[in-house]
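# Structural overview for review
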Amino acid sequence: MKIYKYKAAMPSTRIQHILSSSEFHFASWRTLNDPMEGYFRYYDSDHSPDELRRIVQGKDAHKVCCFSLADDEMLLWTHYASNHTGVCIEVDTDDARSAEVTFEAIKYQARIPWLRRDDNMIRSARDILSTKISKWRYERAILAFSRGPNDSYKVGRITRIILGIRVDAALKELVERSARGVPVIQAKLELETNSIVS
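In this text the structure is predicted, and so the values were computed from the model without any measurement.

Conventions used here
Residues numbered from 1 in each chain as written. Predicted model: local features only at pLDDT ≥ 70, side-chain atom pairs only at ≥ 80, totals over all residues. Heavy atoms only, no water. Helix = DSSP H or I, 4+ residues; strand = E, 2+ residues; numbered from the N terminus. Rg over C-alpha atoms; globule rule 2.2 N^0.38 Å. Buried < 20%, exposed > 50% of the residue type's maximum accessible area, 1.4 Å probe, protein only. pLDDT = per-residue confidence, 0-100. Contact = heavy atoms within 4.5 Å. Phe/Tyr/Trp six-rings, centres within 6.5 Å; stacked < 30°, edge-to-face > 60°. Axes fitted to C-alpha atoms, helices over the stretch in contact; angles between N-to-C directions. Parallel < 35°, antiparallel > 145°, perpendicular 65-115°, else oblique. Left-handed = near helix turned anticlockwise from the far one by under 90°. Salt bridge = Lys/Arg side-chain N within 4 Å of Asp/Glu carboxyl O. Pairing = 2+ DSSP bridges.

In terms of helices and strands, the chain carries five helices and twelve strands. Against the compact-globule benchmark of 16 Å for 198 residues, the chain has a radius of gyration of 18 Å, which places it among compact chains. Its C-alpha atoms give the chain principal-axis dimensions of about 60 × 40 × 25 Å. Looking at the 198 residues of the chain, the share that counts as buried comes to 45%.

Attention now moves to the confidence of the model for the chain. Parts of the model with low pLDDT should not have their predicted coordinates read in detail. With 96% of its residues at a pLDDT of 70 or more, the chain has an overall mean of 90. Put simply, strand 12 (residues 195-197) is where the chain has its lowest mean pLDDT, 83, and strand 1 (residues 2-7) is where it has its highest, 97.

Examined against the element boundaries, V87 turns out to sit in strand 4 (residues 87-97). Since its relative accessible area comes to 0%, V87 is described here as buried. With 110 residues separating them along the chain, V87 and V197 place their C-alpha atoms 13 Å apart. What V87 contacts, discounting residues up to four positions off in sequence, is K5, Y6, K7, I15, W77, A81, I161, I162, L163, L171 and V175.

A word on the packing of aromatic side chains. Within the structure shown, the criterion is met by four aromatic pairs. Consider the rings of Y6 and W77, whose centres lie 5.3 Å apart with planes at 90°: the pair is edge-to-face. Here Y6 is found in strand 1, whereas its partner W77 is found in helix 3 (residues 74-80), with 71 residues between them in sequence. Each member of the pair, Y6 as well as W77, carries the same accessibility label: buried.

The next subject is the packing of helix 1 (residues 12-21) against helix 5 (residues 169-178). Two elements in contact, helix 1 and helix 5, have axes whose closest approach is 9 Å; the angle formed by their N-to-C orientations is 15°. As the angle between them shows, helix 1 and helix 5 are arranged roughly parallel. Relative to helix 5, the crossing made by helix 1 is right-handed. Between helix 1, through S12, I15, Q16 and L19, and helix 5, the contact on the second element is made entirely by L171, L174, V175 and S178.

On to the side chain of K132, then. Its place among the elements puts K132 in strand 7 (residues 131-133). Of the residues examined, K132 reaches a relative accessible area of 6% and is grouped as buried. When near neighbours in sequence (up to four residues on either side) are disregarded, K132 contacts D34, E37, I106, K107, Y108, Q109 and E139.

Per the stated rule, a full pass over the model turns up 14 salt bridges. One salt bridge in this structure joins K132 and E139, with 3.8 Å as the shortest N-O distance. In this structure E139 comes out as buried when scored by relative accessible area, which is 5%. Linked by salt bridges that have partners in common, K2, D71, E90 and R160 make up one network.

Okay, the pairing of strand 8 (residues 141-146) next. Across the six residues of strand 8, six count as buried, placing the element largely inside the fold. Along strand 8, one buried face is formed by A141, L143 and F145 and the opposite face, lined by I142, A144 and S146, is buried too. By the bridge criterion, six bridges tie strand 3 (residues 63-68) to strand 8 in an arrangement that is antiparallel. Looking at strand 8, one finds that C65 is bridged to A144. Inspection of the sheet shows strand 5 (residues 101-105) paired to strand 8 by five bridges, in the antiparallel sense. Of the residues in strand 8, the one forming a bridge with E104 is L143.

Right under this line is the structure:
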């Protein structure tokens, strides 16, 4: 499976670290940009305080790193690659992945998920973390999970680096110097379709 990580131009040392180590930073779900990330609703009568505490501890036990299935989404370039001045890193997850890393496609729904007992719908901490409200659907997100001790892991083999349409010469040079044989290409604006092509 090919997944994509959009990275801001600054600090460029983060891009350089990824390209030199093939490792991506994993963080607490609490640091992600969606203010409703990891939230869930529940009925007091259905869940004891201990059960709710275990769900929160389960969420805290995971470190996460967010990727996308799209390399051409205008809003992703704008939001996560510093207004098209950063890069998008393509990764093949079928090759060279750390054993500690697993993936879950984000499920999008209209509202924050319910923690339920009916119809065998008990939701795990991981299931809660991989559900977002539908306003985020454009991201076509894939969440990488790790319960390992480190903050960085290989999620696969880097197969392509796409430079934003507004990348500056210094970052372009740094990426080309750090790419280690990985193809580096420049994204282009397709005026006929109002889209980004790579």
